[in-house]
Amino acid sequence: MKWFFIGIALSVFLISCKRPAERRSKSDGIEEKIDSLIGLMTFEEKIGQMQQLHFSQSVSDSLFNLVRKGQVGSFLNADSLELRNKLQRIAVEESRLGIPLIFGRDVIHGFRTVFPIPLGQSASWNDSLVKAAARIAALEASSQGIDWTFSPMMDIARDPRWGRIAEGCGEDPYLTSIMGIAMLQGYQDDLKNSSSLVACGKHYVGYGAAEGGRDYNTTLIPETELRNVYLPPFKRFIEEGGLTIMSAFNDLNGTPASGNEFTLRQVLRNEWNFNGFVVSDWNSMPEMISHGYCKDEYEVALRSIVAGVDMEMVGNAYYKNLYSLVKNGEITERLINESVRNILRVKFKTGLFDQPFTEVEKQPFLKSVYLETARKLAEESCVLLRNDKNVLPLNERISHIAVIGPLADANLDQLGTWSPDGRPEETRTPLLALKEIYAEKIVYAKGLENSTDKSEKGFSEAVTAANKSQVVILFLGEGALLSGENHSRAYLRLPGAQVKLVENIAATGKPIIVVIMAGRPLILSDIERNADAILYAWHPGTMGGPAIADLISGNKNPSGKLTVSFPRFEGQIPVYYNHRNTGRPASKLNTGITAGDPVNPVNAAAAYLDLDYTPAYPFGYGLSYTTFEYSDLTVSADTISMNDELKVSVVVKNTGKYNGSEIVQLYIHDRYASLTRPVKELKDFKKIALEPGESKRIEFYLTKDKLGFYNQSGQFIIEPGDFEVFAGKNSFDVLNARFYLK
Ligand code: BGC
């Protein structure tokens, strides 16, 4: 019931919380305004619009002069509102044409109120809540003069070694699209109002497929895979009004993404009619020299402008070379005008021309409704992986609870990667929150200083705490700095001496609840046998502590489900649910194999001799304190024609003792197609609440747009044939039915 009130309070708040000064700009008339501005601009001023500088790039008179001369279009990382307004004043009042600057920053999962990392947010499968979080991030960030965020990241990631898996929404294109749109809508909501942020879909495209999970690495993605898996979230982002796109660092099939005419011009502009602007990633244009694609910055500028990058982030290949490129007849000024037009269009659409300055607001941060939203999202993001003996929720009669581990009270680590504006001192840790509930029942020992600590000197204190208690809650995982950009890992176990700590505590014989905070799926096989329960909390943000305490105490019931498959072993990567079949598919025969203990081959299959082929925890998986049973999957017809809608319904019953929420998932499999299709593809889901004993029939509707795919010629086609449809609690545990599409 409380959730309901929070929901109402949040909606009332979101409607009423518009800043008084409206940025007005009529969408009609914008092109004419741009025409007349471009007509007045010098070549230098045009190139200026295409240049984005980093804020700390020597704040000096010469910088002010660049702005005064109209030679900068944008800044990133505006640390001070005063300086931001000062630069804007120079641009608007002292430059010849008064074109406002646009200020960007990485507001990735909140600003001062930090929400869970995006991978965690996606595990809530609650797009309204994700949208509310993005809205709050926009309110807080825009109050500091930020106009534009470099979010959402919509890279599909199937490799947990890649540190940036934390920043995305997992391995599924459909769910990533839903979550990306939710973030976009939260940021760009009511764009003419100064409390919005322009969103930036990144990293275009394929960056998440970095070979071996090594950041910035080469990607080789066939066009069919690109169109069916990696491009769809970006396409949806643009259809929903996303205004900017960031070109990625990676080499895509031999052409770096920031000089890639196919993806940037053919797909983005010609096929999707994108009319916002493309910004390069940080220095990604000059890096095409290291890629071996361009021999110097002159060629970098040529390749990038021809491909369709409108604004260069940080580097200055454009600034130095565009003039010569036109003078030497390599490109026409029309190409430059196009980019300038794209940039000015976004500046007009956001109302920057009408309201370029940010007024100082007294208390823009951490309002109670923001914190409640952060708490709820952190709670819904947590995934209960195991609860073998129902050790969770904690029994009320317990008199002593040991809280142990390097992440129990790590206020910086729990904020996760990309939270430059979050403040540790404003973060509520699990230790703090558990003490608020259990007071003197809590016996705390850190055990290890941080997640990579190898020293065992804190172990005896930890063991003493465990011995004094009836249950142990161990807070383990990886610190914030072990995931994120340029933080790939090859070893996905708990780092430092954490496994040893678990073993020492297990020797006490006390029941152990493990709470993991991490930026990626970790391999948990080293501790599973000693853990009675495992709750995966990701890096949960400012309100992670109270959210976790709510779940541990049973005040709330876990409902999150994984949006990425968890491997059993590093050697199994990549493991993802929506893979294709083979001629010799793995089967039950390839399960139950002890890791590292080879068996004789029993069949010819795409599997291992020395490892179960299934993931440790599959996509869509997550437990609750209650149990749900699925029955009676029904399709409205055995055969449908192209324009019919197929109703698929399934009965879900709460068969346990607690109120709970379940994420009901719908998958399809196109059984025979002219291009082989994944064994399962998520097509819809619903998050429903059920009381004990209650059951509901959940309905989904499948239309032809959900049944098609992009073929070898890049066309979206819908082929008649046999389909299988699945509904269930995760990508493995499903009921199935068949239908035929005529
Ligand atoms: C990252 C981007 C980020 C940019 C600006 C780059 O290193 O790849 O995701 O938006 O920096 O900070």
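Residues numbered from 1 in each chain as written. Predicted model: local features only at pLDDT ≥ 70, side-chain atom pairs only at ≥ 80, totals over all residues. Heavy atoms only, no water.

S.K.: Tell me about the overall build of the protein, residues and numbers included.
M.R.: Looking only at helices and strands, the protein has 21 helices and 26 strands in total. By the compact-globule yardstick of 27 Å for 742 residues, the protein fits well, its C-alpha radius of gyration being 26 Å. Its C-alpha atoms put the protein at 75 × 65 × 50 Å along the principal axes. Taking the contacts inside the protein whose residues are at least 6 apart along the sequence as the reference set, 76% of them involve residues at least 24 apart. Total accessible area computed for the protein in this model is approximately 27,500 Å², and 49% of it derives from carbon and sulfur atoms. Placing the 81 positive and 89 negative side-chain charges of the protein at their respective mean positions leaves the two points 2 Å apart. (Helix = DSSP H or I, 4+ residues; strand = E, 2+ residues; numbered from the N terminus. Rg over C-alpha atoms; globule rule 2.2 N^0.38 Å. Contact = heavy atoms within 4.5 Å. Areas by Shrake-Rupley, 256 points an atom, 1.4 Å probe, with all protein chains shown as cover. Lys, Arg positive; Asp, Glu negative; His and termini not counted. Charge placed at Lys NZ, Arg CZ, Asp CG, Glu CD.)

S.K.: Run through the site of the ligand, naming residues and quoting values.
M.R.: Around the ligand, the structure places 13 residues, and the nearest of them are D106, R164, K202, H203 and D281. For the ligand, an oxygen atom lies 2.7 Å from a polar atom in the side chain of K202. The contact in question runs from an oxygen atom of the ligand to an N or O atom on the side chain of D281, over 2.6 Å. Look at the ligand: alone it shows 310 Å² of surface, and the protein chains cover 94% of it. (Near = heavy atom within 4 Å. Polar contact = N/O pair within 3.5 Å; in protein donor to acceptor, adjacent residues only side chain to side chain.)

S.K.: I'd love a proper account of the nonpolar core, names of residues and values included.
M.R.: Side chains of nonpolar character tend, in soluble globular proteins, to be buried together. Judged by nonpolar contacts, the single largest core of 102 residues is most densely connected at W148, Y204, I245, L268 and L322. With near-sequence residues (within four places) excluded, I245 lies in contact with C200, G201, Y204, F234, F237, I238, L268, F274, F277, V278 and V279. Listed in part, the 50 residues of the second largest apolar core include A123, I165, A166 and A518. (Core = buried A, V, L, I, M, F, W, Y, C linked by side-chain atoms within 4.5 Å. Buried < 20%, exposed > 50% of the residue type's maximum accessible area, 1.4 Å probe, protein only.)

S.K.: Tell me about unusual backbone geometry, residues and numbers included.
M.R.: The linkage connecting K202 with the following residue, H203, adopts the cis geometry, with an omega of -5 degrees. Within the element layout of this structure, H203 appears in strand 5 (residues 200-204). Cis geometry marks the peptide bond from Y204 to V205, where omega comes out at 0 degrees. You can see V205 is positioned in the loop between strand 5 and helix 9 (223-230).

S.K.: Explain the packing of aromatic side chains to me, using residue names and the numbers behind them.
M.R.: A full pass over the atoms with the stated rule returns 24 aromatic pairs. When the centroid spacing of 5.1 Å and the interplanar angle of 90 degrees are considered together, the rings of W162 and Y207 count as edge-to-face. Here Y207 lies in the loop between strand 5 and helix 9 and W162 lies in the loop between strand 4 (148-149) and helix 8 (173-188), a separation of 45 residues in the sequence. The residues W162 and Y207 share a single accessibility class, namely buried. Where Y536 meets F566, the ring centres are 4.9 Å apart and the plane angle is 80 degrees; that geometry is what we call edge-to-face. Highlighted residues: Y536 in strand 16 (residues 533-536) and F566 in the loop between helix 21 (544-553) and strand 17 (628-635), separated in sequence by 30 residues. For the pair Y536 and F566, a shared accessibility class is recorded, and that class is buried. Lying over the aromatic face of F357, R89 brings its terminal NZ or CZ to 4.1 Å of the ring centre. (Phe/Tyr/Trp six-rings, centres within 6.5 Å; stacked < 30°, edge-to-face > 60°. Lys NZ or Arg CZ within 6 Å of the ring centre and 35° of its normal.)

S.K.: Please provide a residue-by-residue account of the environment of G422, values included.
M.R.: With respect to the secondary-structure elements, G422 resides in the loop between strand 12 (401-404) and helix 17 (430-438). Along the chain, G422 and N467 lie 45 residues apart, while their C-alpha atoms are 36 Å from each other.

S.K.: Describe the confidence of the model for the protein, with residues and values.
M.R.: Predicted confidence across the protein gives a mean pLDDT of 95, with 96% of residues reaching 70 or more. Looking over the protein, one finds the lowest element-wise mean pLDDT in helix 1 (residues 2-16), namely 42, and the highest in helix 6 (residues 118-122), namely 99. Note on residues 1-26: pLDDT is under 50 here. Beyond four places in sequence and across chains, it has 51 contacts. (pLDDT = per-residue confidence, 0-100.)

S.K.: I'd like a rundown of the environment of V602, residues and numbers included.
M.R.: By secondary structure assignment, the location of V602 is in the loop between helix 21 and strand 17. Looking at V602, the relative accessible area reads 58%, which means it is exposed.

S.K.: Would you mind going over the side chain of E299 in detail, with residue names and values included?
M.R.: Here E299 lies in helix 13 (residues 297-307). Polar side-chain contacts of E299 include one of 2.8 Å to the backbone nitrogen of K295. Not counting chain neighbours up to four residues away, the residues in contact with E299 comprise Y293 and C294.

S.K.: Which residues make up the packing of helix 16 (residues 368-381) against helix 21, and what values go with them?
M.R.: Two elements in contact, helix 16 and helix 21, have axes whose closest approach is 8 Å; the angle formed by their N-to-C orientations is 50 degrees. Between helix 16 and helix 21, the angle falls in the class oblique. As for the relative orientation of helix 16 and helix 21, their crossing is right-handed in sense. Counted together, R375, A378 and E379 of helix 16 and G544, P546, A547, D550 and L551 of helix 21 form the full contact between these two elements. A class-by-class count of the residues in the contact of helix 16 with helix 21 yields four nonpolar, one polar and three charged. (Axes fitted to C-alpha atoms, helices over the stretch in contact; angles between N-to-C directions. Parallel < 35°, antiparallel > 145°, perpendicular 65-115°, else oblique. Left-handed = near helix turned anticlockwise from the far one by under 90°. Nonpolar A, V, L, I, M, F, W, Y, C, P; charged D, E, K, R; others polar.)

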